[in-house]
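Coordinates in review
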Amino acid sequence: MERLRPGQDGRHVTFCRICDAFCGLTADVQDGRIVKVGPDRDNPHSQGHICIKGPSMLAVTYDPDRVTQPLRRVGAPGNFEPVSWDEALTDIASRLATIYDDHGPEAIASFHGNPGAYNISGQFSFKPFLDRLGVWKQYSSASQDTTSRAVASYALYGSSIRRPLPDLPRCDFLIIVGANPLVSHGSVLTAPRIREDLDAIAQRGRVVVVDPRLTETAERFEHIAVRPAGDVWMLAYMVKTLFDEGLEDLAFLERHTVGARELRSALGQVTAERVRQECGVEPETIAALARDFAAAPRAALYSRVGICRGPFSTLANVLVDCVNIIAGKFAVPGGWVFGNSPLNAEGRPGGYTLRPSRLGPMPIVIGYAPFNALAEEILTSGDGQVRAFFVTSGNPVLSAPGPERLQAAFESLELMVSFDIYLTETNRFADYILPTTTFFEREDLPVLGFPNMVRPFAQYAAPVIPPVGEARSEHIILSDLVARLGALTDRPLDIAPFDPLAALDGLLRTGRWGQDGLSIERLKAAPHGVALADNIDVSGWEKQMRHEDGRIRLWDDLIAGEFDRLWSSPPADAEGLRLFGRRELRSMNSWMHNVDRLVRQQSPVLQMHPDDAARHGIGHGSRAVVRSKAGSMEVDVSITDAVTAGSVCYPHGWEHDGGWQRANATGGHNVNVLADPAAAEVVSGSSFLDGIEVTVTPLTPADA
Ligand SMILES: Nc1nc2c(c(=O)[nH]1)N[C@H]1C(S)=C(S)[C@@H](COP(=O)(O)OP(=O)(O)OC[C@H]3O[C@@H](n4cnc5c(=O)[nH]c(N)nc54)[C@H](O)[C@@H]3O)O[C@H]1N2
Ligand SMILES: Nc1nc2c(c(=O)[nH]1)N[C@H]1C(S)=C(S)[C@@H](COP(=O)(O)OP(=O)(O)OC[C@H]3O[C@@H](n4cnc5c(=O)[nH]c(N)nc54)[C@H](O)[C@@H]3O)O[C@H]1N2
Ligand code: SF4
Ligand SMILES: [Mo]
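All of these numbers come straight from a predicted model, not from anything done at the bench. (Residues numbered from 1 in each chain as written. Chains lettered and ligands numbered in written order. Predicted model: local features only at pLDDT ≥ 70, side-chain atom pairs only at ≥ 80, totals over all residues. Heavy atoms only, no water.)

Residues in contact with ligand 3, as listed here, are Cys16, Ile18, Cys19, Ala21, Phe22, Cys23, Ile50, Cys51, Lys53, Gly54 and His185. Looking at the shell around ligand 3, its residues break down into 8 nonpolar, 2 polar and 1 charged. (Near = heavy atom within 4 Å. Nonpolar A, V, L, I, M, F, W, Y, C, P; charged D, E, K, R; others polar.)

Written out as structure tokens, the structure is:
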């Protein structure tokens, strides 16, 4: 089949790059412009599944508020004037060269936001560029969703990039802890038709959702309501039950693990009473769940961000894997398995280091430093102070703790450069906003999804249209910047132009299906994508172990230390309220809020249980103040028994003040004012975003 050229009239085949599902899309081009976006029914992976966000990228692409030419800051934050690429890059290169020569890489920092993970241009240039400059102060949204998972993997398997996933197509009993796949469409799990996969599991067996809210997923299946941040106790009790009742897979433990005895003995400290108090679930319910899980031949316990942002997130993630491993559900069909990426992953760092720094030791996880150090790095004067900051596809002022301090930090920088498609709450402080492409304007492979596909699949998408306005993809901008910088800096700089596709071709050819001829060329010849296998091949998982003895560590110093911290933590306050977040189908973190049909019906409110509302004198629709140790905000309250008593729920990513006019008019508040910017889990650097202790005080009386 002949591929259409970018911008050529006709139906283009492509795929969505907003979330981990990577759904196949079609895009109809007329007179050089995309006029319609729909599902690609011939995509063997997503088979016509899409959600409303995919086609909404049409509105984003041609949004009159989109930034489509380079902007230079003039005056107060948010004020910009257009400049040429040449002017922008010349000035950035010269200011960067001065900072680099005078202060070295310690004076440079970066933030890599979420959409950058779905973009090979950014993935294969932004981090490599900073790595080659010697910059280690690289921050990312991983501190908000993944570093605790990565550290758990490092402790267990010796590699922070080995992340098991549930083998949905062959699973008959799935427990989901802290994930809402019917809305999120999967995280570290690529299964575009996930609703059908879950329905099929429920039909064959059970799907049980452990969550403080009766989520869209919980409502469709079985629900166990848990207190936010309490499930580390629940998971510990599940493991304890498996050991106490002789339900462990002794043969597997003997052959493939070390530390089962120490783990078992440590769990002796878990009492039913403490478990009930911490997670609000009856210990007998938890024990019954553990028994049923162990008895089911093909079962998996899956968890995602709901357990990654509490005070014990690394330990919670370790315990998730322990439940699977000890019950004999690890690396078996239908269980908790490693996926089959088509890319050669040999060169990928799976490390975890504690790096000494002027602000104390910093855990560097999957190449990123803990986000909570960023503002301090910029604001703390002296040797090593950060003066230049690059941000790509990130909006930390809305997405991360401590927005006020971040704003002050960004405004104090000598040089701040943002790569984005909008003028945002973050880059309004930048010196330059460099306009980048949307996914219709660039080529990509679903690289992030590769290791997490329950049905291994690969696809290449060509650009549907040429870049709108003067937009350019990251690797082109950075290749240009590198050339200019090389001519200016006194330090040795030997960085070749970035070529993401060539790099990926090499990784495909030397990867799992390379011998069968998998390459970019082969993918280009199959526009709807290539189904690589019906199921994940679970054999050979031992080769992925990175501890010297090849065994899984159920116990080591890090895990022991985290248990010690848990044992000495003060018991939960039975009267207190804990705040946690939620995602909406029509919202994507802090962006996509400029699309009217997505945000029209959204108005962020604080959800509160009727018993708590009565206790605090709050009526439905009341205004109230939510206060935490870190800050406060005014909210509208909605009373609902969908949230468990003792907890309140508010979404993130609101309170816009950028160039996106529709978004600015949406209202809502930046919930991250309540998150403590100074606090993070020490071992992983993960932020505390769920389970924050708050008070809620009415501003309007209950009967108003
Ligand atoms: N309280 C609370 N806070 C949270 C969360 C939560 O659940 N609760 N969730 C956290 C999670 S999981 C995450 S991942 C983070 C996300 O946080 P971030 O990664 O900081 O931010 P996003 O909201 O995803 O913003 C992405 C930015 O990328 C831009 N963008 C979109 N597409 C492209 C593109 O193709 N190229 C470029 N260059 N830019 C693009 C958008 O305009 C936007 O400015 O938020 C975290 N923050
Ligand atoms: N529509 C939409 N899709 C998205 C996103 C989006 O913003 N909108 N964001 C994308 C991103 S960046 C990510 S990382 C993924 C995340 O994907 P998921 O992890 O599937 O998504 P969440 O909705 O954040 O699910 C977390 C769940 O954990 C629950 N939870 C909160 N605290 C606790 C706790 O202490 N214990 C337990 N057991 N549960 C808890 C929440 O109620 C929520 O239901 O989604 C992606 N997909
Ligand atoms: S589910 Fe995710 S990948 Fe699929 S259309 Fe929606 S946003 Fe895009
Ligand atoms: Mo995320």
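Quick look at helix H14 (residues 283-295) now. The terminal C-alpha atoms of H14 lie 18 Å apart, and with 13 residues this matches the ideal 18 Å at 1.5 Å per residue to within 8%. Looking at H14, one finds that the buried residues are Pro283, Ile286, Ala287, Leu289, Ala290, Phe293 and Ala294. Down the axis of H14, the sector holding all buried residues measures 160°, keeping them to one side. (Helix = DSSP H or I, 4+ residues; strand = E, 2+ residues; numbered from the N terminus. Expected span 1.5 Å × (residues − 1). Buried < 20%, exposed > 50% of the residue type's maximum accessible area, 1.4 Å probe, protein only. Arc of directions from axis to C-beta.)

As a further point, take the layout of surface pockets. Counted as a void, the second largest pocket has a volume near 640 Å³. Lining of the second largest pocket is provided by 26 residues; of these, Pro311, Arg578, Phe688, Gly691 and Glu693 occupy positions nearest its centre. Where the lining of the second largest pocket is concerned, the elements lending two or more residues are helix H10 (231-244), helix H13 (272-279) and strand E28 (692-698). (1 Å grid on protein atoms, 1.4 Å probe; cavity = no way out; pocket = protein on both sides within 12 Å on 5 of 7 lines; lining within 4 Å. Points joined across faces, edges and corners; volume = space filled by probe spheres on them.)

With respect to the helices, strands and loops of the structure, Leu156 is situated in helix H6 (residues 147-157). Note: C-alpha distance between Leu156 and Gly75 (81 residues apart in sequence) is 51 Å. With near-sequence residues (within four places) excluded, Leu156 lies in contact with Arg149, Val318, Asp321, His547, Arg551, Ile552, Arg553 and Leu554. (Contact = heavy atoms within 4.5 Å.)

Further remarks concern the packing of aromatic side chains. Evaluation of the coordinates by the stated rule reveals 20 aromatic pairs. Their ring planes at 90° and their centres at 5.6 Å tell us that Phe330 and Phe338 sit as a pair that is edge-to-face. Overall, Phe330 belongs to the buried group, its relative accessible area being 2%. Ring geometry for Tyr422 versus Trp660: centroids 4.9 Å apart, planes at 40°, classification tilted. Of the two residues, Tyr422 sits in the loop between strand E18 (415-420) and strand E19 (432-435) while Trp660 sits in the loop between strand E27 (647-649) and helix H25 (661-664), which places them 238 residues apart along the sequence. Side by side, Tyr422 and Trp660 carry an identical accessibility label, which is buried. Every member of this aromatic cluster is reached through a ring pair, and the members are Tyr157, Phe252, Phe330, Phe338 and Trp541. The ring centre of Tyr62 lies 3.9 Å from the NZ or CZ of Arg33, which sits over that ring. Here Arg512 stacks its cationic end above the ring of Trp513, 5.5 Å away from the centre of that ring. (Phe/Tyr/Trp six-rings, centres within 6.5 Å; stacked < 30°, edge-to-face > 60°. Lys NZ or Arg CZ within 6 Å of the ring centre and 35° of its normal.)

The next point concerns the sheet that holds strand E23 (residues 577-580). Strand order in the closed barrel formed by 6 strands is E23-E27-E24-E26-E25-E28, and the pairing between neighbours is mixed. Neighbour-to-neighbour, the strand axes of this sheet turn through a mean angle of 45°, independent of strand direction. In this sheet, E28 lies alongside strand E25 (residues 623-627) in antiparallel orientation, the contact comprising 4 bridges. Bridging from a neighbouring strand, Ala624 pairs with Pro698 of E28. (Pairing = 2+ DSSP bridges. Axes fitted to C-alpha atoms, helices over the stretch in contact; angles between N-to-C directions.)

With respect to the element layout, Leu415 can be found in strand E18. Residues Leu415 and Pro169, 246 residues apart in the sequence, show an inter-C-alpha distance of 50 Å. Excluding its chain neighbours within four sequence positions, the residues that come into contact with Leu415 are Ile92, Arg95, Leu96, Ile99, Arg387, Ala388, Phe389 and Asp431.

Overall, the coordinates contain 48 salt bridges when judged by the stated rule. Of the charged contacts in the structure, one is a salt bridge between Glu81 and Arg72, with a shortest N-O distance of 2.9 Å. Glu575 is paired through a salt bridge with Arg615; the nearest N and O atoms lie 3.3 Å apart. Separated by 40 residues along the polypeptide, Glu575 in the loop between helix H22 (557-567) and E23 and Arg615 in helix H24 (residues 610-616) bring together distant segments of the chain. Note on Arg615: relative accessible area 41%, which makes it partly exposed. What you see here is one network of salt bridges that share partners, running through Asp86, Arg472, Asp480 and Arg484. (Salt bridge = Lys/Arg side-chain N within 4 Å of Asp/Glu carboxyl O.)

We now examine the site of ligand 1. The environment of ligand 1 is formed by 31 residues, the closest being Asn114, Arg309, Ser399, Asp420 and Ser590. At 3.5 Å, a backbone N or O of Ser393 approaches an oxygen atom of ligand 1. Thr436 is positioned such that a nitrogen or oxygen atom in its side chain is 2.9 Å from a nitrogen atom of ligand 1. Taking 920 Å² as the accessible area of ligand 1 by itself, protein coverage stands at 97%. Going through the elements one at a time, helix H5 (142-145), helix H17 (396-399) and E18 are the ones with two or more residues in the shell around ligand 1. Grouping the amino acids of the shell around ligand 1 by side-chain chemistry returns 9 nonpolar, 16 polar and 6 charged. (Polar contact = N/O pair within 3.5 Å; in protein donor to acceptor, adjacent residues only side chain to side chain. Areas by Shrake-Rupley, 256 points an atom, 1.4 Å probe, with all protein chains shown as cover.)

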